[in-house]
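Structural features, examined
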Amino acid sequence: MSNSKSSNKKIWTIVGISLVVVLTFWFANYFILVNNDNRGTYGDMYGAVNALFSGLAFAGIIFTIILQSNELKLQREELQETRKEFKTQNTTLRLQRFENTFFNMLSLHHDIVSGIDYDKEVFIPDDPESFTVLRRGHNKTKNFTGRDVFEDHYEALKKRMVKCLIVDDIDSEYMGLYWKFQNDFDHYFKNLYRIIKLVNTTQFTDGKDAEKEYWEKYKYTSIIRSQLSAYELLWLFYNCLSENGNEKFKPLIEKYALFKSFRFEELAKTEHKDFYKKGAYEKRV
């Protein structure tokens, strides 16, 4: 804007000087002709003055071109500012659309967890203190819901995983048990994967700063991680070592440190943690 003001000041200075020159010549010629008897001879000398005025007319054309150029420059600057405003608005709208979808899917995730339930026969001793000797009691159907299902089912999973030494063993044992609990967990893992994939495929910045883009995505995946219980994470750990998640889900876990602050002591074997890259447990620095 300061350059524009400086340019306008120069233009009006030129205009003022041009007017002064033209008026000076006009008045000078007027007084000379009024008091001079040799007007004819003097008129022949006006060729130079005509040339002067022709030059001034040409200067006027140049001046007009300069004015038009400045106007076009201002228009271009205004268009650039408008584009920036539109770009900012588009970024804001894109973020709003993403967050609406993100939090709706996160709400659906909680609904899925709350909707998981199953009944299990458990033995209830009549007298807990004498149970070890008399072993008297009765069976009772107990209902497990929500996150309690993950905890109860994990005991069965852990027994299978404790004998696994390689990933292929984990895959085989996990899938053998997974089909038993498929109705409880299938929709859960698919929806969880879609949420993380949504974050991973969304562009939050202009794309010029890859590091800034990563941390924006990490912020949202951290929100997801904070919603998962310890036993959900344990099931997710072994799920992504199986054919269910090894190809697509596991790389996202390693990219966004979804097992940050993971409870390794709860694994069937602590050595299993080595089947994931370091990025699964530590965020980028």
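Refer to the preceding data block for the structure.
Residues numbered from 1 in each chain as written. Predicted model: local features only at pLDDT ≥ 70, side-chain atom pairs only at ≥ 80, totals over all residues. Heavy atoms only, no water.

1. Here we look at the overall build of the protein chain
- Along the protein chain, the regular secondary structure elements total ten helices and two strands.
- When the helices and strands of the protein chain are listed from N to C terminus, the series reads α-α-α-β-α-β-α-α-α-α-α-α.
- Partitioning the contacts of the protein chain with sequence separation of at least 6, the portion at a separation of at least 24 is 68%.
- When the accessible surface of the protein chain is split by element, carbon and sulfur atoms take 55% of a total near 18,500 Å². (Helix = DSSP H or I, 4+ residues; strand = E, 2+ residues; numbered from the N terminus. Contact = heavy atoms within 4.5 Å. Areas by Shrake-Rupley, 256 points an atom, 1.4 Å probe, with all protein chains shown as cover.)

2. Notes on helix α6 (residues 167–178)
- A rise of 1.5 Å per residue sets the reference length of α6, with its twelve residues, at 16 Å; its end C-alpha atoms lie 16 Å apart and thus fit the reference within 8%.
- Among the residues making up α6, those that are buried are Ile170, Glu173, Tyr174, Met175, Leu177 and Tyr178.
- Tucked into the core, α6 has its buried residues touching α5 (147–161), α7 (182–201) and α9 (230–239). (Expected span 1.5 Å × (residues − 1). Buried < 20%, exposed > 50% of the residue type's maximum accessible area, 1.4 Å probe, protein only.)

3. Some remarks on the packing of aromatic side chains
- Per the stated rule, a full pass over the model turns up 32 aromatic pairs.
- Just above the ring of Tyr276 sits the side chain of Lys250; from NZ or CZ to the centre is 5.2 Å. (Phe/Tyr/Trp six-rings, centres within 6.5 Å; stacked < 30°, edge-to-face > 60°. Lys NZ or Arg CZ within 6 Å of the ring centre and 35° of its normal.)

4. Digging into the packing of α7 against helix α10 (residues 249–256)
- Interaxial distance between α7 and α10 falls to 11 Å at its minimum, and their mutual angle equals 55°. Compared by their axis directions, α7 and α10 come out oblique. In the packing of α7 onto α10, the handedness of the crossing is left-handed. Together, Phe189, Leu192, Tyr193, Ile196, Lys197 and Asn200 of α7 and Phe249, Leu252, Lys255 and Tyr256 of α10 make up the contact between the two elements.
- Residue classes in the contact of α7 with α10 are distributed as seven nonpolar, one polar and two charged. (Axes fitted to C-alpha atoms, helices over the stretch in contact; angles between N-to-C directions. Parallel < 35°, antiparallel > 145°, perpendicular 65-115°, else oblique. Left-handed = near helix turned anticlockwise from the far one by under 90°. Nonpolar A, V, L, I, M, F, W, Y, C, P; charged D, E, K, R; others polar.)

5. Details of the environment of Ile223
- Residue position: Ile223 is located in helix α8 (residues 210–226).
- By relative accessible area, Ile223 is classed as partly exposed at 25%.
- In this structure the C-alpha to C-alpha distance between Ile223 and Leu106, which are 117 residues apart in sequence, comes to 9.4 Å.
- If we skip the residues at most four places from it in the chain, Ile223 touches Phe102 and Leu106.

6. Describing the nonpolar core
- Judged by nonpolar contacts, the single largest core of 57 residues is most densely connected at Trp235, Leu236, Tyr238 and Phe259.
- Breaking this core down by element, the ones donating at least two residues are α3 (46–115), α5, α6, α7, α8, α9 and α10.
- Sort the elements by how many residues they give to this core and α7 lands first, with eight residues. (Core = buried A, V, L, I, M, F, W, Y, C linked by side-chain atoms within 4.5 Å.)

7. A word on α9
- Along α9, nine of the ten residues are buried, which leaves the element largely enclosed by surrounding structure.
- Within the sequence span of α9, burial applies to Tyr231, Glu232, Leu233, Leu234, Trp235, Leu236, Phe237, Tyr238 and Asn239.

8. A look at unusual backbone geometry
- Its identity is not glycine, yet Ala257 carries a phi of approximately 50°, on the positive side.
- Looking at Ala257, the relative accessible area reads 0%, which means it is buried.
- We note that Ser261 has phi near 65°; this positive angle belongs to a residue other than glycine.
- Along the polypeptide, Ser261 turns up in the segment after α10.
- Since its relative accessible area comes to 66%, Ser261 is described here as exposed.

9. A look at the pattern of salt bridges
- Under the counting rule described, the total for this entry stands at eleven salt bridges.
- Lys190 is paired through a salt bridge with Asp186; the nearest N and O atoms lie 3.2 Å apart. Of the two residues, Lys190 and Asp186 are both situated in helix α7; the distance of four residues between them amounts to about one turn of the helix.
- Judged by its relative accessible area of 21%, Asp186 is partly exposed.
- For the salt bridge of Glu282 with Lys278, the shortest nitrogen-to-oxygen distance reads 3.8 Å.
- Taking relative accessible area as the criterion, Lys278 reaches 59% and is therefore assigned exposed.
- One salt-bridge network, held together by shared partners, links Arg160, Lys163 and Glu173. (Salt bridge = Lys/Arg side-chain N within 4 Å of Asp/Glu carboxyl O.)

10. With respect to the side chain of Asn239
- For Asn239, the position within the fold is in helix α9.
- Exposure remark for Asn239: the relative accessible area of 2% places this residue in the buried category.
- Setting aside chain neighbours within four positions, we find Asn239 in contact with Tyr174, Tyr178, Phe189, Asn244 and Gly245.

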